[in-house]
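For reference, the chains in residue letters:
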Amino acid sequence: MWELCTEGFVESRDLREHIDWLLDKLEPKSAELQSLQEVPDLIMCIYCVWRGMRGHGGPVLWPEQMRRMGELNIECSFDVYFLARTEGVY
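No experiment lies behind these values; they were computed from the predicted model shown.

**Some points on the nonpolar core**
Counting residues in each nonpolar core, the largest one holds 15 residues, and the members touching the most others are Ile19, Leu23, Leu33, Ile46, Leu72 and Ile74. Considering each element in turn, this core owes the most residues, 6 residues, to helix α1 (residues 15–26). Setting aside residues up to four positions removed in sequence, Ile19 forms contacts with Ile46, Cys48, Leu61, Gln65 and Cys76.

**Structural notes on the packing of aromatic side chains**
Two numbers describe a pair of aromatic rings. These are the distance of the centres and the angle of the planes. This structure, assessed with the given rule, holds 1 aromatic pair. Ring centres 5.1 Å apart and planes at 25° place the aromatic pair Phe9 and Trp21 in the stacked group. Separated by 12 residues along the polypeptide, Phe9 in the segment before α1 and Trp21 in helix α1 bring together distant segments of the chain. For Phe9, a relative accessible area of 56% corresponds to the exposed category.

**Observations regarding the environment of Ile19**
Mapping Ile19 onto the fold places it in helix α1. A residue is classified by how much of its surface remains accessible, and Ile19, at 0% relative accessible area, is buried.

**Some details on helix α3 (residues 63–72)**
Think of an α-helix as turning once every 3.6 residues; residues three or four places apart then point the same way. Restricting attention to buried positions, one finds in α3 the residues Gln65, Arg68, Met69 and Leu72. Projection of α3 onto a plane perpendicular to its axis shows the buried side chains occupying an angular sector of 95°, all on one side. Seen from the buried face of α3, the exposed residues on the opposite side, beyond 90 degrees, are Pro63, Gly70 and Glu71. Lining the buried residues of α3 we find α1, α2 (30–36), β1 (45–52) and β2 (75–82). The positive-phi residue at the C-terminal boundary of α3 is Asn73, with phi of around 60°.

Parameters at a glance
Residues numbered from 1 in each chain as written. Predicted model: local features only at pLDDT ≥ 70, side-chain atom pairs only at ≥ 80, totals over all residues. Heavy atoms only, no water. Core = buried A, V, L, I, M, F, W, Y, C linked by side-chain atoms within 4.5 Å. Buried < 20%, exposed > 50% of the residue type's maximum accessible area, 1.4 Å probe, protein only. Helix = DSSP H or I, 4+ residues; strand = E, 2+ residues; numbered from the N terminus. Contact = heavy atoms within 4.5 Å. Phe/Tyr/Trp six-rings, centres within 6.5 Å; stacked < 30°, edge-to-face > 60°. Arc of directions from axis to C-beta.

Below you can see the structure in the form of structure tokens.
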């Protein structure tokens, strides 16, 4: 497994800024990514963890980001959690 993480690089809580940062890093290496994608059983994915505090809403992607991911042939996966209120704190 190889991992590139935005932690420590992107401080925003807006998922779109994290996605843009990752895509900016990956796009210059698109030829290398395409070559790797020819390896059998290799999976490339942008994996996002999203934690909601209020039980509604969720992450948003712009069409431009979806186009950029599509051109790189990279899927985007979300692990979504809605946190419950406990002892007056979310």
